[in-house]
Amino acid sequence: MTNIVLFGAPGAGKGTLAGKIKKFSSVVHISTGDLFRANIKNETPIGKEAKSYIDAGQLVPDSVVIGMVKDRIDQPDVKENGFMLDGFPRTLEQAKALDEIASLDVVVVIEIAKEDLKKRILGRRSCPKCGKIYNIYNDELKPKKEGYCDVCENTALVQRSDDNEETFEKRWNTYLSQSEAVIDYYSKNEGLVQKIDGTRTMSYTEAELRSILKM
Ligand code: AMP
């Protein structure tokens, strides 16, 4: 069993990489962003609370996120197979709370510059049915048929409502102000943090990640 944290700015490729890893590992992918989007779609109390923060490019309060992640980590599939967290922790408080509920094997930090991220965010599309992530500006991640999912043939791809230029700037600033503290916190633990270059091609980054995870 392996417990992994995938850490990186919005658009760094966490979700895409997690999707690749899932193909050859039973480790459970937990994306807090996806959990929030599902809660919003189902109009749950968590979804109602989270929506205004997400639309504004701000972080949802720690108490809400931590409770949601605790509940997910407590599920039998995670207990059996371990987890790959994507988008959590994003604050020092969250990192400390995670330490209380699980022990981590590796924290993978995906490094990438702001200009590259912006392009990725604005080009990101996803399938509302299977969740597969595409990018219209990246030949490796383009859908075969423009605008449609490769897997769920006739399903039109959608763009996340927070993947626009204005919200990206806010999300980037939030990342800058919070991320350092999380990386510093994990760096105290020798050998825990592994950095990968997120500016390379997706296949290169995937190979680097697989070698770190020994998968
Ligand atoms: P993501 O899909 O990871 O980019 O997350 C989308 C949005 O969900 C973020 O911009 C935040 O508003 C919210 N969110 C996701 N994960 C967290 C978290 N760990 N802490 C606070 N807010 C989060």
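Residues numbered from 1 in each chain as written. Predicted model: local features only at pLDDT ≥ 70, side-chain atom pairs only at ≥ 80, totals over all residues. Heavy atoms only, no water.

## Focus: the pattern of salt bridges
- Per the stated rule, a full pass over the model turns up 16 salt bridges.
- Where Asp 77 meets Arg 72, a salt bridge forms, and the shortest distance between an N and an O atom there is 2.8 Å.
- When its relative accessible area of 22% is taken as the criterion, Arg 72 is described as partly exposed.
- One salt bridge in this structure joins Arg 210 and Glu 206, with 3.9 Å as the shortest N-O distance. Within this pair, Arg 210 and its partner Glu 206 are both found in helix H9 (residues 202–213), separated by four residues, close to a single helical turn.
- Classification of Arg 210 as partly exposed rests on a relative accessible area of 31%. (Salt bridge = Lys/Arg side-chain N within 4 Å of Asp/Glu carboxyl O. Buried < 20%, exposed > 50% of the residue type's maximum accessible area, 1.4 Å probe, protein only. Helix = DSSP H or I, 4+ residues; strand = E, 2+ residues; numbered from the N terminus.)

## Here we look at the side chain of Thr 174
- The topology assignment puts Thr 174 in helix H8 (residues 165–187).
- With relative accessibility at 18%, the residue Thr 174 sits in the buried group.
- Residues contacting Thr 174, with those up to four places away along its chain left out, are Gly 57 and Leu 59. (Contact = heavy atoms within 4.5 Å.)

## Considering the site of the ligand
- Close to the ligand lie 16 residues; Thr 32, Gln 58, Gly 87, Arg 90 and Gln 94 are nearest.
- Between a nitrogen atom of the ligand and a side-chain N or O atom of Arg 90, the distance comes to 2.9 Å.
- In this structure, Arg 171 approaches the ligand through a side-chain N or O atom, which is 3.5 Å from an oxygen atom.
- Expressed as a share of its isolated accessible area of 480 Å², the protein-covered part of the ligand is 97%.
- At four residues, the largest contribution of residues to the shell around the ligand is made by helix H2 (residues 32–41). (Near = heavy atom within 4 Å. Polar contact = N/O pair within 3.5 Å; in protein donor to acceptor, adjacent residues only side chain to side chain. Areas by Shrake-Rupley, 256 points an atom, 1.4 Å probe, with all protein chains shown as cover.)

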